[in-house]
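Working through the structure, step by step
Residue strings, one per chain:
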Amino acid sequence: MFIFKAKKQEEEDELHREYGVLSNCKYILRAFVKYRKSMIWLMLLGGIAGAATTYIWRFIEKLVVDIIERQAAMENKDIMPLVYLVIVTTVIELVMMILNAYARKKLDLGRYYVRLCIVRERIAKVLGMEYEMLETPDMLDRLQKAKRSTAGSNMGVQGLMQDMQTMIVQVFSIITAVGIMSTLSPWIVLIIIVLSFISFEYFDYIRIKDKEIMWDAMAGNWRKLEYMSTVSTDFSYAKDVRLYGMRKWLGGKQKEVNADELRRWRQSRQYWIYNTIFSSGITLIQTAIVFAWLIYDMLVNDLSIGNFVLYSGSALAFSWNIHSFLQSLGGMRERSSRVDDFRSFMDIPNPDEGKKTVPVPKAERYVFKFENVSFKYKGQDKYALKNLNLTLEAGQRLAVVGLNGAGKTTFIKLLLRLYDVTEGRILCNGIDIREFDRTEYYRLFAPAFQEVEVFAFKLSENVSMRTKNETDKSLAERYLRDAGMGEKLDSLPSGMDTELLKVLYDDGVDLSGGEKQKLALARALYKNAPIVVLDEPTAALDALAEYRLYQSFDGMIGSRTAVYISHRLSSTRFCDNIAMFVAGEMVEYGTHEELLEKNGAYAEMFRVQAQYYIEDENETPSEILEGGAVYE
């Protein structure tokens, strides 16, 4: 039971576990065994050598004083025993110092290496998580805590590694000190332990309060700080920031976010000032008691000067070590709680993990059927997609159209199984797609999204989305040219070996919005999957350019199934069927001609947009509507 008890104000969190210091130390040891086994014996070597360097000179001081006392009482003074003693102990101390320095250097490098390996585990965890999980604020906060736990040498995972080594040194030192001090009086040992424990209890109280006001409370704020840092430094925001004069506004937002952190830092530092004052007072009391006891023993029990030197030095070292040990234990608990954050994130179950799956059927034709499918995003009351019934036949061209927010992208996310349906089911060749392994299911699709992410790799690898050895450079070049990037490619001195972005290479090349979208089309072609999905990947192009590119692309994909998503209607004429979405519902379905004859929402939308597809200045929107030259 703690003398000073701080009550945590944390809500019950089913995804957060308290593993405990012992469990987390075992976790670290398993990481050592997995990534660098030499860390185990290096920790033991460092513990023994570190403790030895502390106490060797305590014994030497006693022996030197004893020799001097004996020599002072003798008529024939002989200094050689003292010389031999100094030489031998100096050699021993030097060896211990070398071993300690060697162990510390190797341990520092080892801890850093193991932390980086654990960081890679965290990255792999994120890459393997369900897409939907990464969009929730709660999960983003957990990820921030996990990142902070592996962010530096004194934090979380690596901090606990350091604490474990420090504790080993202190344990060896304490065992040695207890052996020495017990020969004086067990009561001195008990008094030092009790006073040190009182100091530790207050330290632990401060630690818990500090975790509440800083670590737990700041997780959401760190996410805000990271966002503000990204907005302020990411090149993609630079044009808007300058042209809209956002400098002062962003500075004000940054100041607002910083204000809460600064307030909490001040409160945190105030708590630790109290701890320093309290700890110093306890140390003063311990020192006074030890010296009072020793002086009394000298005066009453004829304690020798040599033993006085040994016991006083050992008592001070013991007091410091037991105090440091308990505080290190508190520090371990603090860093262990951050390791809890990391391990809790790593142990978040994947709904598909351990789930029995069926193989995706090996077939030349895949038919997808939406049966009464509805979906709502987590935390939302309104359905993003409602009661959808639709069949996508193999080899079919389906255009999914509607205004922004109509539910088109949600439809695609469900088809790709980035999300699972809230109600109903989606069948692939008669099998519910939730029965498939996601990774295997993803291989059926070659998508191109509106927001095209370019990676800091070679241009060829950005097309193949594979490593250099797995990339067919000539095939990647062919598809880039087919997607309309030939002129750009010819202008690049390094051609397909051109590095993209300036993140890893100073001479990296940036692509325009339109070029990125053409790159996305080349990716979809390269993957050569049976179903091609284009989710407005040509939005950066004008209407006519988009139409021409879609027509060309449609010819390149051959007999594969294709789904075209757009709020513009450039793809609808050559598609077999059109699904018109309004406010999350499919309100019309049919061919281009059927929907025009129906004269409903699609016809109205097409009528409004027809003017953008006029190539001949003498052509009228009505001629386009009737199937003019652009669509012939």
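Before any of the text, the structure's been laid out above.
A short tour of the structure in this document, coming up.

So, how was this worked out
- Residues numbered from 1 in each chain as written.
- Predicted model: local features only at pLDDT ≥ 70, side-chain atom pairs only at ≥ 80, totals over all residues.
- Heavy atoms only, no water.
- Helix = DSSP H or I, 4+ residues; strand = E, 2+ residues; numbered from the N terminus.
- Buried < 20%, exposed > 50% of the residue type's maximum accessible area, 1.4 Å probe, protein only.
- Contact = heavy atoms within 4.5 Å.
- Patch = residues over 30% accessible without salt bridge, like charges linked within 9 Å, V, L, I, M, F, W, Y side chains within 5 Å.
- Areas by Shrake-Rupley, 256 points an atom, 1.4 Å probe, with all protein chains shown as cover.
- Salt bridge = Lys/Arg side-chain N within 4 Å of Asp/Glu carboxyl O.
- Phe/Tyr/Trp six-rings, centres within 6.5 Å; stacked < 30°, edge-to-face > 60°.
- Lys NZ or Arg CZ within 6 Å of the ring centre and 35° of its normal.
- Core = buried A, V, L, I, M, F, W, Y, C linked by side-chain atoms within 4.5 Å.
- Axes fitted to C-alpha atoms, helices over the stretch in contact; angles between N-to-C directions.
- Parallel < 35°, antiparallel > 145°, perpendicular 65-115°, else oblique.
- Left-handed = near helix turned anticlockwise from the far one by under 90°.
- Nonpolar A, V, L, I, M, F, W, Y, C, P; charged D, E, K, R; others polar.
- Expected span 1.5 Å × (residues − 1).
- Pairing = 2+ DSSP bridges.

With respect to the side chain of Gln 158
Tracing the backbone shows Gln 158 in helix 5 (residues 156-182). Residue class for Gln 158 comes out buried when judged on its relative accessible area of 5%. If near-sequence neighbours (up to four positions away) are discounted, Gln 158 is found in contact with Arg 111, Tyr 112, Arg 115, Gly 152 and Ser 153.

Overview of a nonpolar patch on the surface
On the surface, a cluster of nonpolar side chains totalling about 510 Å² of accessible area is made up of Met 80, Val 83, Tyr 84, Ile 87, Val 91 and Val 95. Looking at where Met 80 falls in the secondary structure, it is placed in helix 3 (residues 80-128).

Focus: the packing of aromatic side chains
By the definition in use, this model includes 13 aromatic pairs. Centroid distance Tyr 131 to Tyr 419: 5.7 Å. Interplanar angle 85°. Geometry classified as edge-to-face. Remark: Tyr 419 occurs in the loop between helix 11 (408-415) and strand 4 (423-428) and Tyr 131 occurs in the loop between helix 3 and helix 4 (137-149); sequence separation between them is 288 residues. Relative accessible area serves as the criterion here: at 34%, Tyr 131 is assigned to the partly exposed category. Assessed through its relative accessible area of 2%, Tyr 419 is described here as buried. In textbook terms, an aromatic cluster arises when at least three aromatic residues are bridged by ring pairs, as seen for Tyr 131, Phe 375, Tyr 377 and Tyr 419. Positioned above the aromatic ring of Tyr 383 is the side chain of Lys 386, whose terminal nitrogen or guanidinium carbon lies 4.0 Å from the ring centre.

Looking at the nonpolar core
Counting residues in each nonpolar core, the largest one holds 65 residues, and the members touching the most others are Ile 28, Ile 118, Met 181, Phe 318 and Phe 345. Among all residues touching Ile 28, those that are not within four sequence positions of it are Val 157, Leu 160, Met 161 and Met 164. Counting 46 residues, the second largest nonpolar core, distinct from the first, contains Leu 459, Leu 521, Leu 549 and Ile 557.

Focus: the packing of helix 4 against helix 10 (residues 305-346)
Two numbers describe how helix 4 lies on helix 10: the axes approach to 8 Å, and their chain directions differ by 125°. Judged on the interaxial angle alone, helix 10 and helix 4 are oblique. Considering only the axes of helix 4 and helix 10, their crossing is left-handed. For the pair helix 4 and helix 10, the contacting residues are Met 139, Arg 142, Leu 143, Lys 145, Ala 146 and Ser 149 in the first and Arg 338, Val 339, Asp 341, Phe 342 and Phe 345 in the second. Taken together, the residues of the contact of helix 4 with helix 10 sort by class into 6 nonpolar, 1 polar and 4 charged.

Here's the deal with helix 4
Helix length check: helix 4, at 13 residues, gives a terminal C-alpha distance of 18 Å against a target of 18 Å (1.5 Å per residue), a fit within 8%. Residues of helix 4 that are buried: Met 139, Asp 141, Arg 142, Leu 143, Gln 144, Lys 145, Ala 146 and Ser 149.

Some thoughts on unusual backbone geometry
For Met 465, which is not a glycine, the phi torsion comes out positive at approximately 55°. When its relative accessible area of 39% is taken as the criterion, Met 465 is described as partly exposed. For Asn 528, which is not glycine, the phi dihedral falls at a positive 55°.

Focus: the pairing of strand 7 (residues 531-535)
Most of strand 7 sits out of view: 5 of its 5 residues are buried. Burial of the side chains of strand 7 extends over both faces: Ile 531, Val 533 and Asp 535 are buried on one face and Val 532 and Leu 534 on the other.

Notes on the sheet that holds strand 2 (residues 385-392)
With antiparallel pairing, 4 strands are arranged side by side in an open sheet as 2-1-4-5. Each of the sheet's edge strands pairs with one partner strand only, and the pair in question is strand 2 and strand 5 (431-432). Alignment of strand 1 (residues 368-375) against strand 4, held across 5 bridges, turns out to be antiparallel. Residue pairing for strand 4: Ser 374 is matched across the bridge by Glu 423. Set on the sheet, helix 11 makes contact with strand 1, strand 2 and strand 4; between it and strand 1 the angle comes to about 120°.

Here we look at the sheet that holds strand 8 (residues 561-566)
Pairing within the open sheet is mixed, and its 6 strands lie in the order 6-7-8-3-9-10. Two strands bound the open sheet, and with one partner strand each, they are strand 6 (445-449) and strand 10 (585-590). The sheet shows a mean angle of 15° between the axes of neighbouring strands, taken without regard to direction. Where strand 3 (residues 397-401) lies against strand 8, 5 bridges are found, and the strand directions are parallel. Bridge pairing in strand 8 links Ala 399 to Tyr 564. Its contacts with the sheet place helix 19 (residues 601-609) against strand 3, strand 9 (577-582) and strand 10, and it is angled at close to 95° to strand 9.

Observations concerning the packing of helix 5 against helix 10
In the contact formed by helix 5 and helix 10, the axes pass within 8 Å of each other and the chain directions differ by 155°. The pairing of helix 5 with helix 10 is recorded here as roughly antiparallel in orientation. Of the two possible hands of crossing, helix 5 and helix 10 adopt the one that is left-handed. Taken together, the residues that form the contact of helix 5 with helix 10 break down as 20 nonpolar, 10 polar and 3 charged.

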